[in-house]
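Examination of the molecular architecture
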Amino acid sequence: MLNVKRVVLRSRPGKNGHPVPENFRVEEIRKSPELKEGQVLVRTLYLSVDPYMRCRMNDDTGADYLLPWRLDECVDGGGVGIVEASKNQALSVGTIVTSFNWHWQTYDVMDGSLLQKVDPEMVDGHLSYALGAVGMPGLTAFLGVREKGHVTAGAHQTMVISGAAGACGSVAGQIARLDGCERVVGICGSDQKCQTLVTELGFTAGINYRNGDISSALREQCPRGIDIYFDNVGGPISDAVISQMNPGGHVILCGQISQYNKDVPYPPPLSEDTQEALLRNNITRERFIVLNYMEKFEEGLMQLSHWVKMGQIKVLETVVNGIENMGEAFCSMMTGGNVGKQVVKISD
Ligand code: NDP
């Protein structure tokens with residue numbers, strides 16, 4: 001028998017509550033490592049914490065493609081691990097694998113059909129990148145910009161990104177620059193993050209939304225108005241950005257994290273002024289869900305991998321150690337404790 005540590009959902013924060021680490025519980029179980037035909041034993045290397053998990057903490061996620069986590073059951077999300085024993089011909093011992101539905105536990109017996117192989121070369125030797133810049137958040141940035149952004153090189157466009165120092169935002173801003181936006185302005189929650197955007201990631205400017213008047217900072221940093229807005233946060237930050245958008249502009253409606261601890265539908269209703277600004281200026285704001293573009297994932301991952309390996313996209317990560325800290329890492333990410341992708345290292 002194997003000793004396995006796992007994380008279960010102890011309680012729900014409530015639709016209007018802030019998640020706390022105590023919503024999770026770590027427990028130890030004994031698990032039979034015996035495999036059926038097609039199964040593998042995996043040891044977890046890295047686990048991902050992501051904003052969409054906040055919806056899974058509610059008993060109704062509000063999205064038909066997201067199942068709620070069940071109380072007292074092991075929770076799941078993106079993970080990367082190594083095959084330690086195999087009864088699956090396609091997955092030999094030592095293969096690195098990933099899944100969107102990886103249990104938050106140190107070891108697991110999984111059906112090989114639920115796993116995708118990770119080529120360490122693709123992630124430049126950094127296996128955690130498969131959960132970030134060369135994984136779902138990177139694809140969200142890439143496909144969001146390419147499918148909804150309408151970036152045209154040489155058109156002197158300005159793109160603003162909220163949640164700019166996070167997993168999706170930090171990559172989206174770098175893609176905007178690579179695709180030819182003239183100005184790339186990031187909004188985030190600290191001066192330190194703003195500095196990182198400019199000095200390390202090549203953003204034109206960073207705006208700390210906690211420093212007060214975002215509108216005047218936007219006017220200063222976007223003198224020709226805003227053409228494209230990659231929206232990760234929603235709420236008053238987005239109202240301020242949209243009010244300065246040029247006619248014919250495009251909002252990439254990626255996420256609305258500022259509203260995730262509120263009992264509102266997704267996407268949350270807009271203020272009348274913002275609704276009116278969108279209509280008056282003929283600004284598109286279509287819902288974007290990365291999972292609707294699965295047929296483009298392979299090509300997207302190849303492109304992201306190429307940029308990362310060439311140093312054209314710089315990857316930022318915040319790594320916490322230990323399965324005991326999953327709840328803490330999730331709550332920290334939800335309140336801006338991360339720079340770049342928040343991951344948890346479970347084993348070497
Ligand atoms: P991040 O790495 O960006 O982490 C979340 C960040 O959100 C925090 O670091 C924090 O940064 C910021 N934040 C938290 N609360 C607020 C608030 N009230 N106002 C402003 N900023 C806040 O997460 P991801 O990159 O994984 O996700 C970013 C967004 O993209 C989320 O909205 C997520 O739901 C969405 N998403 C959408 C997908 C899709 O298919 N459409 C797929 C994946 C993600 P700060 O310090 O700046 O406050």
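Fair warning: this is a prediction, and the values are worked out from it, not measured in the lab. (Residues numbered from 1 in each chain as written. Predicted model: local features only at pLDDT ≥ 70, side-chain atom pairs only at ≥ 80, totals over all residues. Heavy atoms only, no water.)

**Looking at the site of the ligand**
- Inspection of the region around the ligand gives 28 residues, with Lys193, Tyr209, Tyr260, Val290 and Asn338 positioned closest.
- Ala167 has a polar backbone atom sitting 2.8 Å from an oxygen atom of the ligand.
- Measuring from an oxygen atom of the ligand, one finds a backbone N or O atom of Gly189 at 2.9 Å.
- Within the complex, 89% of the 910 Å² of free accessible area of the ligand lies under protein. (Near = heavy atom within 4 Å. Polar contact = N/O pair within 3.5 Å; in protein donor to acceptor, adjacent residues only side chain to side chain. Areas by Shrake-Rupley, 256 points an atom, 1.4 Å probe, with all protein chains shown as cover.)

**Quick word on the environment of Asp50**
- Structurally, Asp50 can be placed in the loop between β3 (39-48) and α1 (53-56).
- With relative accessibility at 6%, the residue Asp50 sits in the buried group.
- A C-alpha to C-alpha distance of 13 Å links Asp50 and Ala133, two positions 83 residues apart in sequence.
- The residues touching Asp50, leaving out its near neighbours within four places in the chain, are Met136, Pro137, Phe330, Met333 and Lys341.
- A polar contact of 2.6 Å, which involves the side chain of Asp50, links it to the side chain of Ser48.
- Looking at Asp50, its side chain comes within polar contact range of the side chain of Lys341, at 3.0 Å. (Helix = DSSP H or I, 4+ residues; strand = E, 2+ residues; numbered from the N terminus. Buried < 20%, exposed > 50% of the residue type's maximum accessible area, 1.4 Å probe, protein only. Contact = heavy atoms within 4.5 Å.)

**Quick look at the nonpolar core**
- Judged by nonpolar contacts, the single largest core of 48 residues is most densely connected at Leu143, Met159, Ile175, Phe230 and Leu304.
- Element by element, the count of residues in this core is highest for helix α2 (residues 136-148), at five residues.
- Each residue touching Met159, except ones within four places of it in the same chain, is listed here: Val145, Val151, Ala176, Cys181, Arg183, Val184, Val185, Ile228 and Phe230.
- Residues Phe24, Ile323, Ala329 and Val344 belong to the second largest nonpolar core, which totals 28 residues. (Core = buried A, V, L, I, M, F, W, Y, C linked by side-chain atoms within 4.5 Å.)

**Concerning the UniProt feature "domain: Enoyl reductase (ER)" (unreviewed entry) in the chain**
- Per the UniProt entry, the sites bearing "domain: Enoyl reductase (ER)" (unreviewed entry) are residues 19-344 in this numbering.
- Secondary structure content for residues 19-344 is 26% helix and 27% strand, while the C-alpha to C-alpha distance between its ends is 18 Å. (UniProt positions renumbered as here; feature names shortened; annotations may be inferred.)

**Comments concerning the pairing of strand β4 (residues 76-86)**
- The element β4 is largely enclosed, with a buried count of eight among its 11 residues.
- One ladder, built from seven bridges, connects β3 with β4; its direction is antiparallel. By the bridge assignment for β4, Val42 is matched with Val83.
- Here β4 pairs with strand β5 (residues 96-103) via six bridges, running antiparallel. Of the residues in β5, the one forming a bridge with Gly77 is Trp102. (Pairing = 2+ DSSP bridges.)

**Some details on the pattern of salt bridges**
- Counting across every chain of the model gives 16 salt bridges.
- Here Asp263 makes a salt bridge to Lys15, at a shortest N to O gap of 3.9 Å. One end of the pair, Asp263, is in the loop between β12 (245-253) and α7 (272-280); the other, Lys15, is in the loop between β1 (2-9) and β2 (24-31), and 248 residues separate them in sequence.
- According to the relative accessible area criterion, Asp263 is partly exposed, its value standing at 47%.
- Residue classification places Lys15 among the partly exposed positions, given a relative accessible area of 32%.
- A salt bridge links Glu27 to Arg25; the nearest nitrogen and oxygen atoms lie 3.3 Å apart.
- Taken together, the shared-partner salt bridges connect Arg6, Arg25, Glu27 and Asp72 into one network. (Salt bridge = Lys/Arg side-chain N within 4 Å of Asp/Glu carboxyl O.)

**A word on the packing of α2 against helix α3 (residues 167-179)**
- Closest axis-to-axis distance for the α2/α3 pair is 8 Å, and the angle between their directions is 40°. On the basis of the axis angle, α2 is oblique to α3. The two elements α2 and α3 cross, and the hand of that crossing is right-handed. Each of Pro137, Gly138, Thr140, Ala141, Phe142, Val145 and Arg146 in α2 lies in contact with α3, whose residues at this interface are Ala167, Cys168, Val171, Ala172, Ile175 and Asp179.
- A class-by-class count of the residues in the contact of α2 with α3 yields nine nonpolar, two polar and two charged. (Axes fitted to C-alpha atoms, helices over the stretch in contact; angles between N-to-C directions. Parallel < 35°, antiparallel > 145°, perpendicular 65-115°, else oblique. Left-handed = near helix turned anticlockwise from the far one by under 90°. Nonpolar A, V, L, I, M, F, W, Y, C, P; charged D, E, K, R; others polar.)

**Quick notes on the packing of aromatic side chains**
- If you walk through the whole model with that rule in mind, you get seven aromatic pairs.
- Judged by centre distance (6.1 Å) and plane angle (70°), the rings of Phe24 and Trp69 are edge-to-face. Placement of the pair is Phe24 in strand β2 and Trp69 in the loop between α1 and β4, with a sequence separation of 45 residues. There is no split in this pair, since Phe24 and Trp69 are both buried.
- Here the aromatic cluster, defined as three or more aromatic residues joined through ring pairs, consists of Phe24, Trp69, Trp104 and Phe330. (Phe/Tyr/Trp six-rings, centres within 6.5 Å; stacked < 30°, edge-to-face > 60°.)

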